[in-house]
Structure formats: structure tokens, C-alpha cells
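# Fold and contact review
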Amino acid sequence: MFRLFPASLPVPALSAGHGGSAPAGHRFPWSLPPRLFASESHDDEWRVTSEDRLGAPTGTSTGTSIGTTPRDTGNGGNGSGGGPGGGNSGGPFGGLPPRRPRFRMWRKFLGSSLAILLLGTCVAGLAAWRQYSGIVAGLPTVDGLRSYQPPVMSRLYSGDDRLIAELAAERRVFVPYSAIPDRVKNAFIAAEDHKFWNHAGVDPLAIIRAGLTDLTRGKGHRPMGASTITQQVARVMLIGSNAVSFQRKAREALLAMRIEQVLPKEKILEIYLNEIYLGDGAYGIGAASQAYFAKPLDQLDDAEAAVLAALPKSPTNYNPLRYPDVARMRRNLVLGEMVTTGAISREAATAAQAEPLIAKNFHRPGPIPGSEWFGEEVRRELIERYGTQQTMQGGLNVHTSLDPALQSLATDALRDGLTGYDRSHGGWRGAVTHLDGVKTSQSDEEWMPLLTATARPSGMLDRWRLAVVLDSGRGSVGWAEGGTPRHGTLLARDLGWMRVFRALRPGDVLMVEPQAEDSHVAIRQIPRIEGAAVTMDVRTGRVLAMVGGWSFEASQFNRATQALRQPGSSFKPFVYLAAMEQGISPSQKFADSAVSYGSWHPSNYEKDFWGATTLHDALRESRNLVTIRLAAHIGMKSVAKIATDIGLVQTMPHVLPAALGAVETTVLREAGAYATIANNGQKVTPTLIDDVQDRDGHVVWRPEGLVLTSTPSGAVPAPASPDAAIFPAADQGGAEGPATTPATPPTPGQPAMAPGTAPVIVAPGQDSNPVLADLRAPVASPDSAFQITTMLQDVIRRGTGIQAGKGIDHPIAGKTGTSQDFNDAWFAGYSADLVTVVWIGFDTPQSIGKNETGGAIAGPIWNRIMKTALASRPSLEFRVPEGVTLVRYDTGRGITVDAFKQDQTPGESANFSGTAGTGELTAADTGAENLADSENDMVSSAGPQPAGDAKPGAPGAPAAAQPNQPAGGDIGMGGLY
């Protein structure tokens, strides 16, 4: 029902006049406004009937007077409006049309707006839900952060636990939360996230503030960040993207809230401080502290901690090494924020802001000088075993066998040997470059800028200097030393040597080495010839030193492990070892006489013949023809088996030139093979790694073969000497080493323990003794190996290796090696505890010079390494196996000492029957039917060929002379001397 609100005054009753209408022209002062509607009412106030509202037909009357009640309604007369009989005056509104409700248009507008708003809200909600579902569906799990292990660089340590190298894709030093100083934590919280300890992953107020700031700054600026530390952890650890997008920020926020539910605040802060990139290649605060201040975290003060906390905003722009002024301004802002958070007092902040910003360049621990090849070989081995990711980011602690002092010694010895050869064979090749404008008696200010701008040649040693010739007549040169000009004069002998090949002129740039005496300098040049050297422990196979060439900077190719070269005559001891294994004694004689097969005419280096020659003399003097006949007698198959079992080669053809060293091997393999002989036939595998530990310090790998265990005291055989020791590095028992675990002495000529047999491990106690059990497979019997060692001792004492033994008072054995056409020069030798192999040659095989043998070139380098290495070690005799007898006798070419087994007669030579009674070798004897047409063809031949039956020629009878053989014969393929 509707009320007429304006009609609130009392209205007097009206009498029905003429028709119940008011007098003509009279207006009631309280009459209704013309546009108001009358409405129904159930009280006695003014009202309008439905006819009035709807409009009555003409000639009818409502029959109701204004101001009357339904009960007072009467019939009107003929007047209008009085009753049913009234006229057609139209009622109290004078016949006006009915009025529409107020604000109808506004109500329609509001209703439509509300409907549209509701519909839009529903659509937006559905779209938001769909977007949220898409974001949530692609979110990574945060459970992996519970067991967070950051990528940590692996470290290589030498044998004396010195850090020699770091392997890292990201340089990171992990610091646990408990070890992070409070000042560092507070600095980062003040700089990055004031409310870190209070929010639930996101900071709404910071987001609103950043949004308003971005709106006022306009376009062209990077949006202001509002990410909390937790959001940064989510981005770095889980999202891995820095794309500026709403979707990425939403993912960050959702992940941050999840992280807060899973991890405590301390763990979140630990992850953040160890993961964040802080510039200069440093990941995490531990690496950054070293990179910028060269000190650990616990030594940083407030100002330095603030410098680190300033870096996350822009590691490049706030780098204190590059932009110290900008970094200092940012540092002071961080210190002010630390005051705001209550981390430090205002006074402490003021004092810290007054400190100068002094950053120090951090030099990453690099390889020990000259050990780059060793470290690179270890890195390759780790990648092969564990993969790149684990090697570079797994935090491995790798303890290597490297001896830094011995490594430096081997590097210097090899370089000096290469320099000496280059000076005597190559001559001076001229200046590095020439500086125009440099004249005699020029001031330092004129030539210094030109010289300092000249690039150093690759391969130039650190102790060398680039110098410019100032006076060519007197040999006066100038160079820079730490930015200071220095002057000197070339040594007279160098100046004369240089002028033989080329003339000097002012402005020539030379490589020189300042001398300790006076102000003289020595001329230097990078040699073209290369070399390699390996020194290792005889008993354990631990590689103590490895040099892979002249300079790792110039060439990373490791010639000790990667270069396949022909060993030449250094292969011969393994032919003789195969013969000793077949029971042939060192005093057995074979014919040293000419022999030819088709176009192959092997001969001795000296191009002479000795006739019947003992194996001892033949090995000492490296007689090729005796070696060929010996290989033919025992069969190339047995030679190949020894060579492959011992690790010298992987495969080899069954042809006689292979017996002279026409096979391919590496320096490291040959060192392992010679170590096996020195170890009395027990297989020795070279190893560069002692053990590998994971980031938690657990040993995950160590070399196999040697096991330190315990045995009952009664089971340990008595040592060979009072000085016998157990630990292999201090082996006092000779080449064979300490006794192993068998309770009974081993049978002579047999290994102490069968391969693959595990030692009997006894719990340590008062009745047990520590024993180093050797589980490695035996390649040859100790008796045969010792026979070879005895013969090789005479090689150094009075044979081809005499230069290698000069000045060494320890018992040593060794063998020279020179390959076909003098392409390779070798010397391989050992003492009772060390083995060293040296190789010299060009990267592209070519002659190193006529008559340049292994004894003459490689021998002196070997001598220098071993002489110095053995100087600090006790003198050890080679251990004589049980049942072997040392006998002095006359070989026919002098008195010598040899080792003989129990069933051998010292000095006796068996009478082998010849072939067809002629004493001349045939193809069936030698395997000549398998000979290739050339050395290259032989080396590349696929797979071994079966050897013919071995039928020796008569050792004492010379072979029939070949009618048209050149004088002295061809040296042929393989070893020379």
C-alpha cells in the first residue's frame, strides 16, 4: 500500500456542494501538488480509488469525495464528482493522467548495473580460477628443498694435502646457517627483506608500495621489486627464470607461501645466502667473501658485510672491484637500513660508513706450477666415472698422489732438456716481433708503452721477460718489471750464438731470462720439440709426477697419456721377460748375425755382428738381431700376451718387428709396465687418485688391489730385513714389497696370493698384525721379473744407459729406446721404490737427428729426475726372490752377474736344434709371412695374426749371408738402440 507523505495535516470535512466540488476558481492552500500520486490507505486520511488511479470512463464518477471515508460515501446529484450520478469532472485530479512511480529509470539502471557487475564478477572469477589452476598445476614441488644440497665445486688435493685445483661450473663455498655470522645475516635482511622473520612468504604492503611507485614513474623503467627473500629462493631454486611477467610473480608468491609452510626461516635464509649470485663468478656469501676481500666470512666487519649485502640488487653495478665509489654509496645505504632494523646502533653505522672500501683481488687456487696436465687428467677421470655435473658441482674432495716437489723437479728437468736440444739442433729463430720507432739511446718513456702493449707468446714461461733491443751492437735490452723499466745486457755467448743465424736490430722483441749475477740476461726461445715424463711409486702405482709437454698454456694435449708413440728398444725387456717365463736363462746364447726377409733387412744399431751372444749381453747392448731370433723362438703370441697382460699395449700384431718396439704405447702405460717388473711381476696399474670423498667426507672410491688388513701374528712371514716396513710408501723390503697374508711361505716362483682371492680379515687386537694384502693379478713370476731387473741393472752400469746412471748411488735398472728413423727417444728405468719414464720427440713424427738415441737425449733428463728424487730416500736393494741365485760369471764379453732359477745352471747355454740344420731362420720361425710392406701398414694392421710354430735357429751358428744385402743391413722397423 502506498502513502501520500505530503498529506500529513488534518483536513476538515467537506460538504457535498454542487456535485461535491469546490467553488469555481477557488484553490485550497493545502491542495496536493500537481504531480503527486494519491495512494490507498486503510486509515481515515485522503485516498484515491482504483478508478482514480486507472482513470475512470467519461460520464462516471468515483462517488467518493475527498476527505470522506468509505462509510460516508453518498450519491451525488447531477453535479460532477459527487457520486455515481455525478458529472464527468474527472475526480479530484481534474481528469489528469495517472502518474508513473518515482526514479523508475534509476532503478532500472541500478538493477542492470548490478546484473552486469554480478555477471562480470562470475566471469572474472572463472577466468581467475582457470588461470590459478594453470599456475598451480605447473608449480614444482618444494619438498626437495628439505634435503637441499647446493652445487659445490670439487677440490683436488696433492699428496701432502695442498689445494692444487678447483673444479666448478659455479664457484661456491657452502656455509651452513650455524656458521654464518649474525652481522652477515642482518645485513642481507636489512637490504632485502625487513619483515623476513614475520611475513608468511610475501609482503602485501611492499607489493602495494612497489605498484604505486611503478605507476608514478611511468614507462621506460624496470618495475620496482617487492620480492621477499623467500620469493627469491623460489625464483632461484624452483623457477629458474628472471622474466618480468605477472605469471612469474604469481608463481613466486605461491611457491614462497608453500616454502614457508615446509621450511623454517633459518633454512630458507641458509639456502638464500648460499645460492644467490654476487658477481665476479662468486655464488653464495662464502665465495663472495673470498672474491672481494680474500678472507673467510667470520673475519668480515659490519662495513664489509654491508658490501656483500649490497650486491644482490645489481652484482655488476655494485662490484667493489670495478666501481668502488658506487659500491661505497650502496654500502652506506645498507648500513642505514641496518640501523632501521635495529641490527646495529647509529654510532656503529656511522663508524662503518666512514671506513674506506678496500677490496682485494682474490686469486683462485690454481694448479701447482707444471701440474696442469696432472690436474686435467684427474678431471677427465672424474668425469668419466661420475659425469660432468657431479664432478663440477658435487663438492667432491679428491686426494691425489701428486708430489708437488717432485712435479716441479720433473717439469724443470724436462724443460731444460728440451731447451738444450733446441739450442744445439735448431739455432736461433729470430725475434718475437719488431717495434717500429725504437732507436738506440731512446728514453724509457718512449719504448715502455710499446713493449707493455706487446702480447706474450703462448708457451712463454713465467720467469721469462719480453725485452726490446735498445743497442744491437752491445746487446743492450730493456724490459718491464712490475711497471718499472729495467735494463740489461745479453750474455756474450748468447749474443755470438744469435748472430750466427740472424742479425739484431734496435726494436727487436726478445724473450730473455734475467740472471742472478750482474745485470745480464740470457736469450730464450720456445722449443719446437716436445717431451713427456712420468714418475710413480713402484709398489702402489701412485703417480707422483706427470709432465705432458713444454707448456700447458700452449697445448693442453697430454703427451704422457694421449700420445701413442713407438717405444723402440724400450719394448725389448718384455720380449726377454716372456723368454724368462719359458725357462730360458740369461746366459742362453742366440746368433747375432744378418737375416733378411724380402725387403726387410733388420740389423743392429752398430751395423756389426757378434755371433753367439748371451741374452744378458744382447739386452745390455740392445742387439736387434738377437731379439728377433729370441722372439721367433718363443713365438710372438707369448710376447703379445705378456705385453697386453702387463698393460703396455692394448693389442699388438704377431709380427717380428713388434718385438723391436714397432707398436704404439704411451708414457704412462710404459711406466706401469716397468713398475710391474720392478714389483717382481705383480701387476701395477698407474693411479692418479688416492681416494674420492663426497661432500660429507665419506670415501666413495679408492684404487683396488691393495688392502690394509689384519692377520694373526703367527701368519706373517718374517721380513727379509730388519728394516722391512708394511706401509708401501716406505717399502724397505725391495721391489717385491712386504709379505702378504698367506700363513705358509709361497712356493718359489709363484705369487703370494692367487688373483681375486680375498685376504683373511681378522679383527684388530693384541694377537693381530697389520698387513698390506696385494690382490692384484700376477703377470709374471717374481723369479723371471728379478732376472730382467738384474740384466737391466747392467744396462745402466755399462750398457746403452750409462749416461742415465751417472752420479746415482742407489741400485737402479733401466733401458734405452730409440724408434725407427730416430723419431722417438725413450729412457725407462726404476729403483726399488720409484720408476720414471721419459720420452722426447716431435708431435708430428720426424727424425730428431741422426744418432740421437734415447740414452743420449732422454737419459740425462731421467738422470736428473731420479738423482734428485732418490737423494732424500734410503738406498734400497732389489729384493731377491726365494730360490733365486745370483752368480758372477763370464759371458764371453766380460764378467757380469745374473740371477738363475733353481732348475737353471749358471752360465750354461742350451743347444737348441736348428731349422733344417742350416741355422737360418725361415718364415715359419719368424712370422715373416705376417710382415707388412711398410711400418705404417704394420701399425695399422687389424688385429693379431696367429703365429707359426716356433723353431729356433742354432744360437751358436751364424746365418747364411744374403747375397745382395747392403753393408750393415737396414736398421728396419722397431727399436734401434
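Worth saying up front: this structure is predicted, and the values here are computed from it rather than measured. (Residues numbered from 1 in each chain as written. Predicted model: local features only at pLDDT ≥ 70, side-chain atom pairs only at ≥ 80, totals over all residues. Heavy atoms only, no water.)

Within the chain one finds 25 helices and 24 strands. By residue count, 50% of the 977 residues in the chain fall in the buried class. Looking at the chain alone, contacts between residues at least 24 apart form 71% of all its contacts between residues at least 6 apart. With the model as given, the accessible surface of the chain reaches about 45,400 Å², and the carbon-plus-sulfur share is 53%. (Helix = DSSP H or I, 4+ residues; strand = E, 2+ residues; numbered from the N terminus. Buried < 20%, exposed > 50% of the residue type's maximum accessible area, 1.4 Å probe, protein only. Contact = heavy atoms within 4.5 Å. Areas by Shrake-Rupley, 256 points an atom, 1.4 Å probe, with all protein chains shown as cover.)

The next point concerns helix H9 (residues 302-310). With respect to burial, H9 is a largely interior element, nine of its nine residues being buried. All of the buried residues in H9 are Asp302, Ala303, Glu304, Ala305, Ala306, Val307, Leu308, Ala309 and Ala310. Summarising the contacts, the buried residues of H9 are in contact with helix H3 (182-192), helix H8 (284-293), helix H10 (324-340) and helix H11 (346-354). With a side-chain oxygen lying 3.3 Å from the backbone nitrogen of Ala303, the N-terminal cap of H9 falls on Asp301. (Polar contact = N/O pair within 3.5 Å; in protein donor to acceptor, adjacent residues only side chain to side chain.)

Right, let's get into the nonpolar core. One recurring pattern in soluble globular proteins: nonpolar side chains tend to sit buried together. Judged by nonpolar contacts, the single largest core of 89 residues is most densely connected at Val575, Tyr576, Leu630, Met652 and Tyr830. The biggest single contributor to this core is helix H21 (residues 667-678), with eight residues. Those residues in contact with Tyr830 that sit more than four places away from it in its chain are Tyr674, Ile677, Ala678, Thr789, Leu792, Pro811, Ile812, Ala813, Val835, Trp862, Met866 and Phe878. One finds Met153, Phe188, Leu300 and Leu308 within the second-largest nonpolar core, a separate group that totals 55 residues. (Core = buried A, V, L, I, M, F, W, Y, C linked by side-chain atoms within 4.5 Å.)

With that settled, the discussion passes to the sheet that holds strand S13 (residues 543-547). Hydrogen bonds along the backbone pair up the strands of a sheet, which may run parallel or antiparallel. One open sheet accounts for five strands, arranged S13-S12-S22-S21-S20; its pairing is antiparallel. Either end of the sheet is taken by a strand with one partner, and the two such strands are S13 and strand S20 (813-818). The sheet shows a mean angle of 5° between the axes of neighbouring strands, taken without regard to direction. As paired strands, strand S21 (residues 824-830) and strand S22 (residues 834-841) are joined by seven bridges and run antiparallel to one another. If you follow Trp826 over to S22, its bridge partner there is Trp839. Against the sheet, H21 touches strand S12 (530-537), S13, S20, S21 and S22, its axis set at about 35° to S12. (Pairing = 2+ DSSP bridges. Axes fitted to C-alpha atoms, helices over the stretch in contact; angles between N-to-C directions.)

The next subject is the packing of H3 against H9. Their axes nearest at 8 Å, the elements H3 and H9 cross at an angle of 45°. In terms of orientation, H3 and H9 fall into the oblique class. Seen along the crossing, H3 lies across H9 with a hand that is right-handed. Residue-level inspection shows Arg183, Val184, Ala187, Phe188, Ala191 and Glu192 of H3 in contact with H9, the latter providing Asp302, Ala305, Ala306, Leu308 and Ala309. (Parallel < 35°, antiparallel > 145°, perpendicular 65-115°, else oblique. Left-handed = near helix turned anticlockwise from the far one by under 90°.)

Here the idea is simple: oppositely charged side chains can pair when their charged atoms come close. Inspection of the entire model under this criterion finds 38 salt bridges. Where Asp774 meets Arg776, a salt bridge forms, and the shortest distance between an N and an O atom there is 2.9 Å. Neither Asp774 nor Arg776 differs from the other in exposure class; each is buried. Residues joined in a network through salt bridges with shared partners are Asp617, Arg620, Glu621, Asp794, Arg797 and Arg798. (Salt bridge = Lys/Arg side-chain N within 4 Å of Asp/Glu carboxyl O.)

Our next topic: the pairing of S13. By the criterion of burial, S13 is predominantly enclosed, with five of the five residues buried. Relative to S13, S12 is paired through four bridges, and the arrangement is antiparallel. Its bridge partner lying in S13, Ala533 is registered against Val547. Remark: five residues form the turn of the hairpin made by S12 and S13, two consecutive strands paired antiparallel; Gly541 in that turn has positive phi of roughly 85°.

For the chain, per-residue confidence averages 79 on the pLDDT scale, and 72% of positions sit at 70 or higher. Counting interchain partners and residues more than four positions distant, the pLDDT-below-50 stretch residues 1-90 has 105 contacts. Low pLDDT, under 50, characterises residues 716-764; the predicted model gives this stretch 102 contacts beyond four residues in sequence or across chains. (pLDDT = per-residue confidence, 0-100.)

For the pair helix H17 (residues 572-581) and H21, the least separation of the axes is 11 Å and the interaxial angle reads 40°. For the element pair H17 / H21, the angle class is oblique. Helix-helix and strand crossings are classified by hand; for H17 and H21 the assignment is left-handed. Contacts between H17 and H21 pair Pro573, Phe574 and Leu577 from the former with Ala673, Tyr674 and Ile677 from the latter.

This part is about the packing of aromatic side chains. Taken as a whole, this structure holds 14 aromatic pairs when the rule is applied. Ring geometry for Trp106 and Phe109: centres 6.4 Å apart, planes at 90°, overall edge-to-face. In this pair, Trp106 and Phe109 both sit in helix H2 (residues 104-137), three residues apart, roughly one turn of the helix. With a centroid separation of 5.6 Å and an interplanar angle of 85°, the aromatic rings of Trp373 and Phe552 are classed as edge-to-face. Here Phe552 lies in the loop between S13 and H17 and Trp373 lies in helix H12 (residues 372-386), a separation of 179 residues in the sequence. Above the plane of the ring of Tyr177 lies Lys185, whose end atom (NZ or CZ) is 3.6 Å from the centre. (Phe/Tyr/Trp six-rings, centres within 6.5 Å; stacked < 30°, edge-to-face > 60°. Lys NZ or Arg CZ within 6 Å of the ring centre and 35° of its normal.)

For the rest of this paragraph, the subject is unusual backbone geometry. The backbone of Asp280 sits at a positive phi, close to 55°, despite the residue not being glycine. Tracing the backbone through its elements, the reader meets Asp280 in the loop between helix H7 (265-275) and strand S4 (282-283). Non-glycine residue Ser622 carries a positive phi angle of around 55°. Counting through the fold element by element, Ser622 comes out in the loop between helix H18 (615-620) and helix H19 (624-634).

For the rest of this paragraph, the subject is the sheet that holds strand S2 (residues 163-167). One open sheet holds the five strands; their spatial order is S2-S1-S5-S16-S17, and the pairing between them is mixed. A strand with exactly one partner marks an edge of an open sheet, and here the two such strands are S2 and strand S17 (699-701). For this sheet, the mean inter-axis angle between neighbouring strands, taken without regard to orientation, is 25°. Of the strand pairs in this sheet, strand S1 (residues 154-157) and strand S5 (residues 397-400) are connected by three bridges, and their pairing is parallel. Note on S5: the bridge partner recorded for Tyr157 is His399. Seen against the sheet, H12 touches S1, S2, S5, strand S16 (689-693) and S17 and runs at an angle of roughly 50° to S16.

What follows covers the environment of Gln407. Following the sequence through the fold, Gln407 ends up in helix H14 (residues 404-425). By relative accessible area, which is 0% here, Gln407 ends up buried. Gln407 sits 127 residues away from Val534 along the chain, and the two C-alpha atoms are 9.2 Å apart. Not counting residues within four places of it along the chain, the set of residues in contact with Gln407 comprises Gly370, Ser371, Leu402, Leu544, Ala545, Met546 and Val547.

By secondary structure assignment, the location of Gly883 is in the loop between helix H23 (854-871) and strand S23 (885-890). Overall, the relative accessible area of 24% leaves Gly883 in the partly exposed class. Put simply, Gly883 and Asp783 are 100 residues apart on the chain and 8.1 Å apart in space, counted from C-alpha to C-alpha. For Gly883, the contacting residues outside a window of four places in its chain are Phe900, Lys901 and Gln902.

Right, let's talk about H8 for a bit. The buried fraction of H8 amounts to 10 of the 10 residues, a majority that puts the element mostly inside the structure. Among the residues making up H8, those that are buried are Gly284, Ile285, Gly286, Ala287, Ala288, Ser289, Gln290, Ala291, Tyr292 and Phe293. Residues of H8 that are buried sit in contact with strand S3 (171-172), H3, H7, S4 and H9.

Below, the discussion takes up the environment of Ala578. Among the structural elements, Ala578 can be located in helix H17. Residue classification places Ala578 among the buried positions, given a relative accessible area of 3%. For the pair Ala578 and Ile634, spaced 56 residues apart in sequence, the C-alpha to C-alpha distance is 7.6 Å. Setting aside chain neighbours within four positions, we find Ala578 in contact with Ile634, Ser638, Val639 and Ile642.

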